[in-house]
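Single-letter residue listing:
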Amino acid sequence: FGLHGTVDYHTATDKLYIQNMALRSNKSEIFASGEIAFFEQAKDFDLSFSGKDLDIGDLVALMPALYRSMFEEWNSVGNLMAQGSFTGKMESHLLPELELNFELNKGKLRHPDLKNSISDVSINGKVHIPPGRNSLRNARLQFPHISLKAGKDPLQGNLQILNFENPNLKMNWSGSVDLEA
């Protein structure tokens, strides 16, 4: 990873200011700005970030470990764009809010548990993990538009996952898939 940008720390306010920060990894470049305030038992975040032509693996590597385990085995090819924010207090049992909007076009997804790749992927999505103690219980992942090919079979639909601790899936699909392929 390479990191370029401006970081200022103000001792009087105990704040770290991040301006025009560019994080470069294997295949991706993510831009961030904002501030982090330091308190005795907590940190207060107000960060925003964006990137285009990203790799899922690179994004996952930047996530806190709590979120990373949900995504770390996926890899992608295609035009992945993302923007989001990380805001609020972080304490021992309190997490900040995470908002992430993303889009993958002309994509191909691969997971080691799947026999075939998923190709011709077009996805719009949003992750929202609210601030607080029960953040993952109140989290949601939404894909209002999905179109792809599973093997040779085209599919279209949408998907919503509520509550990452005890997932509740809502989905609508159109198409057919050979489950033995």
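Note: the structure precedes this text.
Attention in this report is confined to the structure presented alongside it.

Thresholds applied
- Residues numbered from 1 in each chain as written.
- Predicted model: local features only at pLDDT ≥ 70, side-chain atom pairs only at ≥ 80, totals over all residues.
- Heavy atoms only, no water.
- Pairing = 2+ DSSP bridges.
- Helix = DSSP H or I, 4+ residues; strand = E, 2+ residues; numbered from the N terminus.
- Axes fitted to C-alpha atoms, helices over the stretch in contact; angles between N-to-C directions.
- Phe/Tyr/Trp six-rings, centres within 6.5 Å; stacked < 30°, edge-to-face > 60°.
- Buried < 20%, exposed > 50% of the residue type's maximum accessible area, 1.4 Å probe, protein only.
- Polar contact = N/O pair within 3.5 Å; in protein donor to acceptor, adjacent residues only side chain to side chain.
- Contact = heavy atoms within 4.5 Å.

### Remarks on the pairing of strand S1 (residues 2-10)
Both S1 and strand S2 (residues 15-24) contribute to a ladder of 8 bridges, which runs antiparallel. In the sheet register, Tyr9 faces S2, and the bridge partner there is Leu16. Hairpin connection between S1 and S2: a loop of 4 residues separates the two successive antiparallel strands, and Asp14 in this loop has a positive phi of roughly 55°.

### Side note on the sheet that holds strand S5 (residues 75-90)
Taken together, 10 strands build an open sheet; the order of strands is S1-S2-S3-S4-S5-S6-S7-S8-S9-S10 and the sheet is antiparallel. Bordering the open sheet on either side are S1 and strand S10 (168-175), each of which pairs with just one other strand. Neighbour-to-neighbour, the strand axes of this sheet turn through a mean angle of 10°, independent of strand direction. Note that strand S3 (residues 29-38) and strand S4 (residues 43-54) share 9 bridges and pair antiparallel. Of the residues in S4, the one forming a bridge with Phe31 is Ser50.

### Some points on the packing of aromatic side chains
In the structure shown here, the tally under the stated rule is 3 aromatic pairs. Their ring planes at 65° and their centres at 6.4 Å tell us that Tyr9 and Phe38 sit as a pair that is edge-to-face. Of this pair, Tyr9 sits in strand S1 while Phe38 is found in strand S3, placing the two residues 29 residues apart along the sequence. Arranged with centres 5.8 Å apart and planes meeting at 75°, the rings of Phe102 and Phe143 form a pair that is edge-to-face. On the criterion of sequence distance, the pair formed by Phe102 in strand S6 (residues 97-110) and Phe143 in strand S8 (residues 140-150) is long-range, its members being 41 residues apart. Judged by relative accessible area, which is 18%, Phe102 ranks as buried. When its relative accessible area of 14% is taken as the criterion, Phe143 is described as buried.

### Observations regarding the side chain of Asn163
Looking at the element boundaries, Asn163 is found in the loop between strand S9 (153-162) and S10. Reaching out from Asn163, the side chain makes a polar contact with the backbone nitrogen of Glu165 at a distance of 3.0 Å. At 3.0 Å, the side chain of Asn163 and the backbone nitrogen of Asn166 are in polar contact. In this structure, Asn163 is in contact with Leu136, Arg137, Ala139 and Asn168, ignoring residues within four places of it in sequence.

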